[in-house]
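Survey of secondary and tertiary structure
Given next are the chains, with one letter for each unit.
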Amino acid sequence: MQTQIERLRAYVDENREKMLGLWEQLVNMQGGSHEIDNVNKVIDFVKETLEAEGVECRVLDSKGSTNVLVAEINSKAQGKPVLMCGHCDTVFPAGSYPANPFTIDEEGFAHGPGVLDMKNGIAQMCFILIALKQMGFKDRHVKALIVGDEENGHVNGITGELLLQEGQGALCCFNMESGRMDNCLTVGRKGGMDCHITVHGVAAHAGNDYLKGRNAIIEMSHKLPLLQNLSLYDEGLTVSVGVVKGGMASNVVPDCCYAELDIRYKNPAHMEYIKEKINDVCAKTYIEGTTTEVEFISIMPAFAETEANYRLLDYINSVAAKYGYPEFGSIYVGGMSDAAYFSTLGIPTVCSMGAQGAGAHTKEEHASVASFFERWIIAMSCIMEAAAFEENYQN
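About the cut-offs
Residues numbered from 1 in each chain as written. Predicted model: local features only at pLDDT ≥ 70, side-chain atom pairs only at ≥ 80, totals over all residues. Heavy atoms only, no water. Helix = DSSP H or I, 4+ residues; strand = E, 2+ residues; numbered from the N terminus. Rg over C-alpha atoms; globule rule 2.2 N^0.38 Å. Buried < 20%, exposed > 50% of the residue type's maximum accessible area, 1.4 Å probe, protein only. Contact = heavy atoms within 4.5 Å. Areas by Shrake-Rupley, 256 points an atom, 1.4 Å probe, with all protein chains shown as cover. Pairing = 2+ DSSP bridges.

Scanning the protein for helices and strands turns up 10 helices and 19 strands. For the protein, whose C-alpha radius of gyration is 24 Å, the value lies close to the compact-globule estimate of 21 Å for 395 residues. Taken along the three principal axes of its C-alpha coordinates, the protein extends 90 × 50 × 40 Å. Considering the protein as a whole, with its 395 residues, one finds that 53% of them fall into the buried category. In the protein, the proportion of contacts linking residues at least 24 apart, taken out of those at least 6 apart, comes to 81%. Summed over its atoms, the accessible surface of the protein is roughly 16700 Å², and 49% of this surface lies on carbon and sulfur atoms.

Following this line, the structure appears as structure tokens:
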């Protein structure tokens, strides 16, 4: 009689080409976060793939952005569900690559748009649900939440609210985001948001009516150093002025100036703190007759580095060690992910469970094929043995 690990390794051997094939199909379906129709086609494809294997699926309307897919098995099982999450959008709009860009090189790395970030994680989640179903696993409710607008911070919809609703009461969460080459799992991330600031002035001919003008660029220039200086770097709070646009010609006093700020924060309390400080800076007028508008968008909560997250990491490492895999390190990073939403609910959460690789958000993006299967086996084992986490690690 096969042991559990033998069954999982045999499953990989028997289904290797199917698993790689799904990963390839997902990468070849190009679509950036703002291309709602393209990304929804990916979500529909995943839904059809899973439903064909008997996995229960629901599609949620995010009210202005891409859909959210809820895929689950054993939805009526007793006990707390195990969550997986990830996103099927990329930073690359359709056409950024030629048709059918997925390739595997001689060194065993896969290439293509989103091959690391994070189409591999979507393929892993699909085959976790499919394999659990095929193996007759009925011990626990397992739910995957797949979104299509993570890369733009869920800017135009209510995806974040839907994740919070669907995550309620979970035992733990595995975010199948891009795996790191240093074999660390992410136990915390900064939160962040974009801030758009627009100064309105009065246009005038720079030669004939100079004094009539109200220079929006100069008004903005008074504010920008003050905004940048709101950073509390030692506390993990940064305000970065990344884009400034203004004016139309040198002989016209500019009536508009626009700036975009990137804000990151480690402390969840700093989200409201920095909003208040930015509004205070922008409320002060230096050139009479100008006005300033402030808009906060793409708001992502901080993924707090909690004891619960470390307990989940300890559990994952116990499973990895038991089956002869290297233990994972831990890391806190500045980049954001949807893991934050589940952490805010108090759910033990780790991120970066997907295949290992590098070059995310660049044309050099690549992911290790060997780790794609290894991480799948580890995640499967953790889910199948989740009762041990509940009993020995949760409290």
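Still more ground to cover, so stick around.
Spatial ordering of the open sheet is given by 1-2-6-3-7-17, a layout of six strands whose pairing is mixed. The sheet is open, and its two edges are formed by strand 1 (56–60) and strand 17 (349–350), each paired on a single side. Where strand 7 (residues 172–175) lies against strand 17, two bridges are found, and the strand directions are parallel. Among the inter-strand pairings, F174 is bridged to a residue of strand 17, identified as V350.

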